[in-house]
Amino acid sequence: MSNSTESESRKLLGRLRDAMASDIEGQARLNKIPHLIADSMECEVCAVYLFRDEETLELCATVGLNPEAVHHTRLRLGEGLVGRVARSGKPINSPDAPAEPGFRYVPETGEEQFRSFLGIPIQRLGEKLGVLVVQSRDTRAFTPDEIYALEVVAMVLAEMTELGAFVGAGDGLAARHQQAVLIRGLTGQEGTAEGHVWLHEPRVVVTNLIADDPAREIGRLNEAVDKLRVSVDEMLAINAGGDQEQLQVLEAYRMFANSKGWLRRMEEDISAGLSAEGAVEKEQSQARARMGQVQDPYLRERLSDLDDLSNRLLRHLTGQCHRNGAELPPDPVLVARNIGPGELLEYGRVLRGIVLEEGSVGSHAAIVARALAIPLVVRAPRIVDEAMNGNQIMVDGDQGIVHLRPEDTVVKAFRDKMAMKAKAQERYRSIRDKPAITLCGARIDLTMNAGLMADLPSLEGSGAEGVGLFRTELQFLVRNKMPKRTELAALYSHVLDAAHGRRVVFRTLDIGSDKVLPYMKPTDEPNPALGWRAIRVGLDKPGVMRMQLQALIRGAGGRPLTIMFPFVAQYEEYRAACAEVDKTIAREKRLGHVLPATLEIGAMLETPSLAYAPERFFQEVEFLSIGGNDLKQFFFAADRENERVRRRYDTLNVSFLSFLEQIVERCKRSNTPLSFCGEDAGRPIEALCLAAIGIRALSMRPASIGPVKSLLLRSNLTELRAVMDAARERGDQSVRPAVMDYLRAQV
Ligand code: PEP
Ligand code: MG
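Residues numbered from 1 in each chain as written. Chains lettered and ligands numbered in written order. Predicted model: local features only at pLDDT ≥ 70, side-chain atom pairs only at ≥ 80, totals over all residues. Heavy atoms only, no water.

**Topic: the overall build of the chain**
Counting its secondary structure elements, the chain contains 29 helices and 23 strands. Referenced to the eigenvectors of the C-alpha coordinate spread, the extents of the chain come out at roughly 90 × 60 × 45 Å. Nonlocal contacts in the chain, meaning residues at least 24 apart in sequence, comprise 66% of its contacts between residues at least 6 apart. Per element, the accessible surface of the chain, about 32400 Å² overall, is 51% carbon and sulfur. Side-chain charges of the chain comprise 95 positive and 103 negative groups, with the mean position of each set lying 6 Å from the other. (Helix = DSSP H or I, 4+ residues; strand = E, 2+ residues; numbered from the N terminus. Contact = heavy atoms within 4.5 Å. Areas by Shrake-Rupley, 256 points an atom, 1.4 Å probe, with all protein chains shown as cover. Lys, Arg positive; Asp, Glu negative; His and termini not counted. Charge placed at Lys NZ, Arg CZ, Asp CG, Glu CD.)

**Quick look at helix H2 (residues 26-41)**
Between its first and last C-alpha, H2 extends 24 Å over 16 residues, near the 22 Å set by a 1.5 Å rise per residue. Within the sequence span of H2, burial applies to Arg29, Leu30, Ile33, Pro34, Leu36, Ile37, Ala38, Ser40 and Met41. Directly after H2, the chain includes Glu42, whose backbone phi takes a positive value near 55°. (Expected span 1.5 Å × (residues − 1). Buried < 20%, exposed > 50% of the residue type's maximum accessible area, 1.4 Å probe, protein only.)

**Observations concerning the sheet that holds strand S2 (residues 56-63)**
With respect to topology, 6 strands assemble into an open sheet ordered S3-S2-S1-S6-S5-S4, the strand pairing being antiparallel. Unpaired on one side and paired on the other, strand S3 (74-76) and strand S4 (92-94) mark the two borders of the sheet. If you compare each strand with its neighbour and ignore which way they point, the axes differ by 25° on average. With 3 bridges connecting them, S2 and S3 associate as antiparallel partners. By the bridge assignment for S3, Glu58 is matched with Arg74. Packing against the sheet, helix H4 (residues 144-157) makes contact with S4, strand S5 (116-124) and strand S6 (127-136), and its axis sits at approximately 40° to S5. (Pairing = 2+ DSSP bridges. Axes fitted to C-alpha atoms, helices over the stretch in contact; angles between N-to-C directions.)

**With respect to the coordination of the magnesium ion (ligand 2)**
Ligation of the magnesium ion (ligand 2) by protein atoms is provided by Glu606 (OE) and Asp630 (OD), these donors lying 2.0 to 2.1 Å from the ion. Taken together, the residues Glu606 in the loop between strand S20 (599-605) and helix H22 (608-611) and Asp630 in helix H24 (residues 628-636) connect sequence positions 24 residues apart. According to the relative accessible area criterion, Glu606 is buried, its value standing at 2%. (Donors = N, O, S within 2.8 Å, 3.2 Å for Na, K, Ca; no water.)

**Digging into the packing of aromatic side chains**
As enumerated under the stated definition, the model contains 12 aromatic pairs in all. Ring centres 5.5 Å apart and planes at 85° place the aromatic pair Tyr574 and Phe617 in the edge-to-face group. Here Tyr574 is found in helix H21 (residues 571-590), whereas its partner Phe617 is found in helix H23 (residues 615-620), with 43 residues between them in sequence. Pair check on accessibility: Tyr574 and Phe617 agree, each one buried. Taken together, a centroid distance of 5.5 Å and an interplanar angle of 80° make the contact between Phe617 and Phe618 edge-to-face. Judged on exposure class, the residue Phe617 and its partner Phe618 are both buried. Members of the aromatic cluster, each reached through a chain of ring pairs, are Tyr612, Phe635, Phe636, Tyr649, Phe656 and Phe659. (Phe/Tyr/Trp six-rings, centres within 6.5 Å; stacked < 30°, edge-to-face > 60°.)

Below is the structure:
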């Protein structure tokens, strides 16, 4: 920026600051702004357009245009040049605006006399507030310096309380954080929670955007950047050799922290009159605006890294520490852009609920939240910007909805829902110790799925008869390096201690596909769900499998042990895995370790191929468990991780049920114990139908045991089976409608 433009820009910012600090308020204060800007930029026109609602901009103050048009002229988003600036979030600079495509002539403003046009979005930290326009009679193109100076002005303007008031937020931008907001995301873990916001990374509050002494501000900025670089280097040193993903992020931090372009832009911002904090925030704002437009996931990640880094820099500058002295509320609901599984485990069970702006249903944080049974909503747009520490918040994990600062009526309806749920919980508690025997006398074995030590207290509370699926990979996923054999043995031993003699089915490592170990070299596979995963990895790289088998045997310490191999697609794989177990047993014996009292080895049936395995397989395998999540995705060729298709096919589709029935029949013939441990086992209607086709063991999330048992106790499977068969004979696609009609008639 040239020196003269710089000093002009600083002068203008100084005048704006004086205007903003003056006693007059409201429209009168806003009216002063266009005068100051037009004078400084030597333009005839300056106009401030602000959003009335999400779709409409309103002319709110002007010099040069017809004053009668103020609060009358409105434009839709995308309409005319102003609407286009608002929509794209990018400036438009035209020496001859009426000749531009999309120019919309607004007669009441009298703007037809003006040819050149510069429109700049008014936004702060990614939030669009309006458009600032300058126009002049001559056909002049505004210089990059002028555009830049107006951007700085627009950012400072965004701070004005009047602006907040005009965009309908009451007393300025801060007031936006007092309004009720409803945010729709996705279910990460079911359940409802009420509490108060606890921001995982609280935002830094910047109040001084303008400064008079650029040399001092540049000195402050450089000092803070030096501190930032040192802290990033320290983080890198601490994490060296650890979590790959984390390292990648830190490397990106280092790259940005050393980026000359970033620093230069911030120095220019300071020269234009901003404080060091204002400069950081301006660059951060622009990165956020870009984030909203970039589709590429890698670039988005990098922009979000830059956002995090800017926050760190602001903390160095303002001296506001991480927590700002805030205290964890007694009923915290964690709000974060994203969070790692380790950090979440550190919070543990104190959290009432979790809301993540990013995250996904299958993310590691979601796995941990599920293990801790904490209601979780993921992909909740804008939650981090909207929420303030201490705000009241209600999380509906069932619907994927978040109510922030809810109105009284919402609070009441939400509490009614929670009370109904609590009543149901009471009912479930009363049947906790009853076996699940249906009206027709069938006994269904209900067990729980687990994967972390944090799951095990649920064993007592839920009434589970054991652990039907212990996903051992979770222990590997939540760490940033490979756990040691002794650590694993100790963990497995604790799990068995906590089970008090109940059967625990340990599934060997099921990695690959959606479960990628942070410390494993990533393999780039076109179709990871069909790729190198689970037992395929175990058999190709037997070192880890052997280590885990040893840990299991040592953890059992002479107690009965049950091992299950995941994703077995053919008999040979099961045999090869059993051979590994035999070898490990022989080795452990040689080493003098005590062997399990009994050893059962089973397999998961997760690919249709295994349903058609040779008879010998069904005779040899000691038990089978249907991994319905995977089996269903392969049966229907519908990716379980893909939101577009994952709910497309009904589990109660007659083709799928007929297929499951064939498996039941084969197991009956060979006397092979069969269970079902996919998510569907925990859905009462699905569980009932699985029982009706002859599956006698279901393993599910602990919270599902009560609802499933409650329905089983009231049901007659023989009658239900007849209803299902009739639907099949009629040619229904799914038995669900018939089953639902039948159940409704029962109550
Ligand atoms: C399944 O596929 O149904 C299963 C229980 O395993 P996971 O969900 O861990 O793949
Ligand atoms: Mg599976």
